[in-house]
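What follows is each chain in one-letter form.
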Amino acid sequence: MTALAAERQETIKELVCDILEIEPDEVTETSLFKEDHDADSLRAIEILAALEKEFGVVIDQSELGRMVHLSGVYQVVSEAAGW
């Protein structure tokens, strides 16, 4: 992984943790936002909007089904941004 990719992943993780109001050490690549961190659908929309603003991308709401953990979020954002 490049330094830039690692930096982007860290930024995404910080955004997600801020919105879900959890500590970064509480979340793993595959811990589920809804089941493991009590996130509701409104939080998912907040995450999507924050990512769009941070990275200047447009993410279709149909992608929310893939954005259930950090790994999925990274994948969706990198596809939207063309990384």
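Above this text you will find the structure in question.
Thresholds, definitions, all that
- Residues numbered from 1 in each chain as written.
- Predicted model: local features only at pLDDT ≥ 70, side-chain atom pairs only at ≥ 80, totals over all residues.
- Heavy atoms only, no water.
- Axes fitted to C-alpha atoms, helices over the stretch in contact; angles between N-to-C directions.
- Helix = DSSP H or I, 4+ residues; strand = E, 2+ residues; numbered from the N terminus.
- Parallel < 35°, antiparallel > 145°, perpendicular 65-115°, else oblique.
- Left-handed = near helix turned anticlockwise from the far one by under 90°.
- Contact = heavy atoms within 4.5 Å.
- Nonpolar A, V, L, I, M, F, W, Y, C, P; charged D, E, K, R; others polar.
- Buried < 20%, exposed > 50% of the residue type's maximum accessible area, 1.4 Å probe, protein only.
- Lys, Arg positive; Asp, Glu negative; His and termini not counted.
- Salt bridge = Lys/Arg side-chain N within 4 Å of Asp/Glu carboxyl O.
- Polar contact = N/O pair within 3.5 Å; in protein donor to acceptor, adjacent residues only side chain to side chain.
- Phe/Tyr/Trp six-rings, centres within 6.5 Å; stacked < 30°, edge-to-face > 60°.
- Lys NZ or Arg CZ within 6 Å of the ring centre and 35° of its normal.

**Student:** Mind showing me how you'd approach the packing of helix α1 (residues 3-20) against helix α4 (residues 70-81) here?
**Tutor:** Contact geometry of α1 with α4 gives a least axis separation of 10 Å together with a crossing angle of 120°. Overall, the two elements α1 and α4 adopt an arrangement that is oblique. Once α1 is placed against α4, the crossing between them reads as right-handed. For the pair α1 and α4, contact is made by Gln 9, Ile 12, Lys 13 and Val 16 and by Leu 70, Val 73, Tyr 74 and Val 77, respectively. Residue classes in the contact of α1 with α4 are distributed as 6 nonpolar, 1 polar and 1 charged.

**Student:** So what exactly am I meant to see when it comes to the side chain of Lys 13 here?
**Tutor:** With respect to the element layout, Lys 13 can be found in helix α1. Among buried Asp, Glu, Lys and Arg side chains, Lys 13 stands out as unpaired, with Glu 10 the closest opposite charge at 5.5 Å. Looking at Lys 13, its side chain comes within polar contact range of the main-chain oxygen of Pro 24, at 3.4 Å.

**Student:** Would you mind going over the pattern of salt bridges with me for this structure?
**Tutor:** Close approach of charged atoms lets side chains of opposite charge pair. Inspection of the entire model under this criterion finds 4 salt bridges. The partner of Glu 21 in a salt bridge is Arg 43, and the shortest N-O contact between them spans 3.9 Å. Linking Glu 21 in the loop between α1 and α2 (33-37) with Arg 43 in helix α3 (residues 41-55), this pair joins segments that are 22 residues apart in sequence. Overall, the relative accessible area of 63% leaves Glu 21 in the exposed class. The partner of Arg 66 in a salt bridge is Glu 63, and the shortest N-O contact between them spans 2.7 Å. By relative accessible area, Arg 66 is classed as partly exposed at 30%. When salt bridges with common partners are traced through the structure, they connect Glu 21, Arg 43 and Glu 46 into a single cluster.

**Student:** Explain the packing of aromatic side chains to me, please; I cannot follow it from the model alone.
**Tutor:** Counting across every chain of the model gives 1 aromatic pair. Centre to centre, the rings of Phe 55 and Trp 83 are 5.2 Å apart; their planes meet at 75°, and the pair counts as edge-to-face. In this pair, Phe 55 sits in helix α3 while Trp 83 sits in the segment after α4, placing the two residues 28 residues apart along the sequence. When the ring centre of Trp 83 is taken as origin, the NZ or CZ atom of Arg 8, which lies over that ring, is 4.0 Å away.

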